[in-house]
Amino acid sequence: MSLEIYPASPSDAPQLTQVFYASFRSDLDTTMFPNTPDVTEWWENDFSAGIKRSLAGETNDVFLKVTEGSEDGAIVAFAKWKRPVLAADRDRHEEQIVWAPSSDKELCDRFFYGMEAQHEKWMGERPHYYLDMLGVHPSCQGKGVGSKLLKWGLTRADAEGMEVYLSASPAGKLLYAKYGFREVDTISPYPDYVQAAMIRSPKGQ
């Protein structure tokens, strides 16, 4: 069965949430986002609202999905890319994020605001592509699905002579290194867990 990339739609939010749960299973992830009704509702609302804003041209976000067989097939992976945007125009969490009641709010703040601070520190004012999130259902891991979603942005970044930035989980770090990302910094928001800031220069530079 073929696995192809399509643009995600707001109605995909419930499936995207379930792939998120299946993909991100470390102790850090399950502590921040336990699979409870309120957290599920939070993620479904977050995905739906984000996709609606991107489709309306309100953000530079691009939400992609990989499905089995056809565009309406089961979603097995997803990615959220941010196209190049000047730092002055970049989304910033000027208001405190309101997490779901069941979430570990302190850990969520430490993790997400820590990644945001690293992003600002390393990319500054330079326009670049940013891989915000990539998740692959365990049933499809090792089949090149993550690489397919990664290449979507890398191909565009190379064509435009742009750097690519991401923050890698321990599970994703090897894939990104394979495609030319280099580790520039780390944060450890949770015991025995290290998140790596990684940058990739465009090919030929």
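See the structure above.
Residues numbered from 1 in each chain as written. Predicted model: local features only at pLDDT ≥ 70, side-chain atom pairs only at ≥ 80, totals over all residues. Heavy atoms only, no water.

Engineer: What is the right way to look at the environment of M133 in this model?
Structural biologist: As for its position among the elements, M133 is in strand β4 (residues 128–136). Its relative accessible area of 14% is what places M133 among the buried residues. Between the C-alpha atom of M133 and that of K80, which follows or precedes it by 53 residues, the distance is 5.1 Å. If we ignore the near neighbours within four places in the chain, the residues touching M133 are F20, F24, W43, F47, F78, A79 and K80. (Helix = DSSP H or I, 4+ residues; strand = E, 2+ residues; numbered from the N terminus. Buried < 20%, exposed > 50% of the residue type's maximum accessible area, 1.4 Å probe, protein only. Contact = heavy atoms within 4.5 Å.)

Engineer: How should unusual backbone geometry be read in this particular structure?
Structural biologist: Residues apart from glycine generally show negative phi values, whereas peptide bonds are mostly found in trans. Of note, D192 is a non-glycine position whose phi angle comes to about 60 degrees, a positive value. Along the chain, D192 falls in the loop between β6 (182–190) and β7 (193–200). Residue classification places D192 among the exposed residues on the basis of a relative accessible area of 84%.

Engineer: Help me understand a positive patch on the surface in this model?
Structural biologist: Taken together, the side chains of K148, K151, K178 and K203 define a basic patch exposed on the protein surface. You can see K203 is positioned in the segment after β7. Under the relative-accessibility criterion, K203 is labelled exposed at 65%. (Patch = residues over 30% accessible without salt bridge, like charges linked within 9 Å, V, L, I, M, F, W, Y side chains within 5 Å. Areas by Shrake-Rupley, 256 points an atom, 1.4 Å probe, with all protein chains shown as cover. Salt bridge = Lys/Arg side-chain N within 4 Å of Asp/Glu carboxyl O. Lys, Arg positive; Asp, Glu negative; His and termini not counted. Charge placed at Lys NZ, Arg CZ, Asp CG, Glu CD.)

Engineer: Could you clarify how one ought to interpret the pairing of β6 in this entry?
Structural biologist: Two faces, one strand: in a regular strand the side chains alternate between the faces of the sheet. Of the pairings in the sheet, the one linking β6 to β7 comprises 6 bridges and is antiparallel in character. Along β7, the bridge assignment pairs E183 with M198. Where β6 folds back onto β7 in an antiparallel hairpin, the turn is made up of 2 residues, including D192, whose phi is positive at roughly 60 degrees. (Pairing = 2+ DSSP bridges.)

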